[in-house]
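# Architecture and fold: a report
So you can see what is in the structure, the chains are spelled out below.
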Amino acid sequence: MDRTALVVGVTGIAGYNIAEALTAAGWRVVGLSRAPRYEIPGVEHVYADVLDEPAVEAATAGRGITHLFFSTWSRQPTEAENCAVNGAMLDTTLRALSRTASLRHAVLITGLKHYLGPFEAYAEAPADTPFRETQDRLPYQNFYYEQEDVLFRAAAEQGFTWSVHRPHTMIGYALGNAMNMGVTLAVYGSICRARDEKFVFPGSPQQWNGVTDITDARLLGRHAVWSATEPAAANQAFNTTNGDVFRWRQMWPRLAEALGVEAAPYAGHADPLDARLAHADETWATLTDKYSLAPYRATDLASWWHTDADLGRPVEAFADMSKSRALGFLEFQDSTRSFLDLFETLRTQHVIPQLS
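Procedures and definitions
- Residues numbered from 1 in each chain as written.
- Predicted model: local features only at pLDDT ≥ 70, side-chain atom pairs only at ≥ 80, totals over all residues.
- Heavy atoms only, no water.
- Phe/Tyr/Trp six-rings, centres within 6.5 Å; stacked < 30°, edge-to-face > 60°.
- Helix = DSSP H or I, 4+ residues; strand = E, 2+ residues; numbered from the N terminus.
- Buried < 20%, exposed > 50% of the residue type's maximum accessible area, 1.4 Å probe, protein only.
- Pairing = 2+ DSSP bridges.
- Axes fitted to C-alpha atoms, helices over the stretch in contact; angles between N-to-C directions.
- Contact = heavy atoms within 4.5 Å.
- Polar contact = N/O pair within 3.5 Å; in protein donor to acceptor, adjacent residues only side chain to side chain.
- Salt bridge = Lys/Arg side-chain N within 4 Å of Asp/Glu carboxyl O.
- Core = buried A, V, L, I, M, F, W, Y, C linked by side-chain atoms within 4.5 Å.
- Parallel < 35°, antiparallel > 145°, perpendicular 65-115°, else oblique.
- Left-handed = near helix turned anticlockwise from the far one by under 90°.
- Nonpolar A, V, L, I, M, F, W, Y, C, P; charged D, E, K, R; others polar.
- Right-handed = clockwise from strand over helix to strand, strands pointing away.

Turning to the packing of aromatic side chains, a few remarks are in order. Counted by the stated rule, this structure contains 23 aromatic pairs. A ring pair is formed by Tyr16 and Tyr38, whose centres lie 5.9 Å apart and whose planes are at 75 degrees; its orientation type is edge-to-face. In this pair, Tyr16 sits in helix H1 (residues 13-24) while Tyr38 sits in the loop between strand S2 (28-33) and strand S3 (43-47), placing the two residues 22 residues apart along the sequence. Exposure class is identical for Tyr16 and Tyr38. Each is buried. Judged by centre distance (4.2 Å) and plane angle (10 degrees), the ring pair of Phe199 and Trp252 falls under stacked. Residue Phe199 is located in the loop between helix H6 (181-195) and helix H7 (205-209), and its partner Trp252 is located in helix H9 (residues 248-259); the two are separated by 53 residues in the primary sequence.

Printed below as a string of structure tokens:
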């Protein structure tokens, strides 16, 4: 059966890796973003603002789209605005597709803020760990809940099936993404090395000592393709994590070694990156010239605030993957390897300096 996927947010970390998984599986892929950023081999790029329904309709008309993978969001000043804007983005896309496509299945990518709460009440009263898909929603406004409700209504009205994926912190190749801790730490480590400074863990004691997990964006891509095609996965929500767990006190020295820097002893309290890296763009410009790196600013690549939020949580956070295992998704990813593979890709693409 012919399958044509529309990947919304295709140049982001989730969208990029979903598109790569789809092309590897032989799908025709149409990637939608607001503006050109970079080309992805095997992807037909189209451009529209997903709050502009006529523009989405024009971009998708006549393309034979059968599956939607929605993996974009827009941060707003309040959670009420997050709900309004991000809910409207998905709703606009689905309404446009109701006229231009015969949609069979829609995949929505959200995240573990489903269990941790929105930024305004982040980790104040989280669900119990390990997070399970059967747990009730938290008693807060949350744009993930709004997006789910938009998806459920459209699926009932238009007759397609759906799946929702809730990844943890995503590690993988994508540039200029607000949620990419892996690239942020690679840039931070490269700056530490250039300035002969130690690699300081910026987060909380709970994150340093507690159990956690991450999501390799490549695994997310394969999981999303699986849920879109596995009948048993229809109309289900899934946690998406690597399948192993670790403590940052174990992982941090491994990352330091991979980045060619010395890990600092943990000071016992948070030391946020955002407050310490005002000089980042200036230092990065020097590195770009010295090593002939791709022409980005540090602040184009790194997201200090989001990494601070993830590593500064006052609670542990990790998710259970039993539901996916029971339904047949058995893939696993070593989390240390997720970081090391990313660092090597960043060096190959001349985004960060070589160690030698």
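Following the structure, the description resumes.
This brings us to the sheet that holds S3. What the seven strands build is an open sheet, ordered S3-S2-S1-S4-S5-S6-S10; its pairing is parallel. Edge positions in the sheet fall to S3 and strand S10 (236-240), since each has one partner strand and no second. Across the sheet, the axes of successive neighbouring strands diverge by a mean angle of 20 degrees, strand direction being ignored. Looking at chain direction, S2 and S3 are connected through five bridges and run parallel. Within the sheet, the bridge partner assigned to Leu32 lies in S3 and is Val46. Where helix H8 (residues 217-229) meets the sheet, its contacts fall on strand S4 (67-70), strand S5 (105-109), strand S6 (161-167) and S10, and the angle it forms with S10 comes to roughly 165 degrees.

Secondary-structure assignment places Thr215 in strand S9 (residues 215-216). Accessibility expressed as a relative area gives 0% for Thr215, which makes it buried. There is a polar contact of 2.5 Å between the side chain of Thr215 and the backbone oxygen of Thr240.

Scanning all chains against the criterion turns up 19 salt bridges. Here Arg166 makes a salt bridge to Glu148, at a shortest N to O gap of 2.9 Å. Taken together, the residues Arg166 in strand S6 and Glu148 in helix H5 (residues 143-158) connect sequence positions 18 residues apart. Residue Arg166 is classed as buried on the basis of its relative accessible area of 4%. The salt bridge involving Arg337 is made with Asp341; its shortest N-O contact spans 2.8 Å. Of this pair, Arg337 and Asp341 both sit in helix H14 (residues 335-348), four residues apart, roughly one helical turn. We classify Arg337 as partly exposed; its relative accessible area is 39%. By sharing partners, the salt bridges in this structure join Glu53, Glu57, Asp91, Arg95 and Arg99 into a single network.

Among the nonpolar cores identified, the biggest contains 66 residues, and Phe69 and Trp248 are the most heavily contacted of them. Residue contributions to this core peak at eight residues, all from H6. In terms of nonpolar packing, the next biggest core, distinct from the first, is built from 29 residues, Leu6, Val50, Val56 and Ile65 among them.

Here we come to the packing of helix H3 (residues 79-100) against H5. If you want to describe how two helices pack, look at the angle between their axes and the distance between the axes. Their axes nearest at 8 Å, the elements H3 and H5 cross at an angle of 25 degrees. Between H3 and H5, the angle is such that the two are roughly parallel. Pair H3 / H5 crosses with right-handed handedness. Of the residues in H5, those in contact with Glu79, Asn82, Cys83, Asn86, Gly87, Leu90, Asp91, Leu94 and Ser98 of H3 are Phe143, Glu146, Gln147, Val150, Leu151, Ala154 and Gln158. Counted by class, the contact of H3 with H5 contains seven nonpolar, six polar and three charged residues.

Following Thr129, the chain continues to Pro130 via a peptide bond in cis, the omega torsion being -5 degrees. With respect to the secondary-structure elements, Pro130 resides in the loop between helix H4 (113-116) and H5. The phi torsion at Ser292 lies on the positive side, around 55 degrees, for a residue other than glycine. Even without a glycine there, the phi angle at His350 is positive, about 60 degrees.

Bringing the pairing of S2 into the picture now. Taken residue by residue, a regular strand's side chains alternate between the two faces of the sheet. Counting buried positions along S2 gives five out of six residues, so the element sits mostly inside the fold. Examined bridge by bridge, strand S1 (residues 4-8) and S2 share five bridges and lie parallel to one another. Each bridged residue has a counterpart across the sheet, and for Ala5 the counterpart in S2 is Val29. With H1 bridging S1 and its parallel neighbour S2, the resulting β-α-β unit is right-handed.

Treat this as a map of the structure, not an account of what it does.
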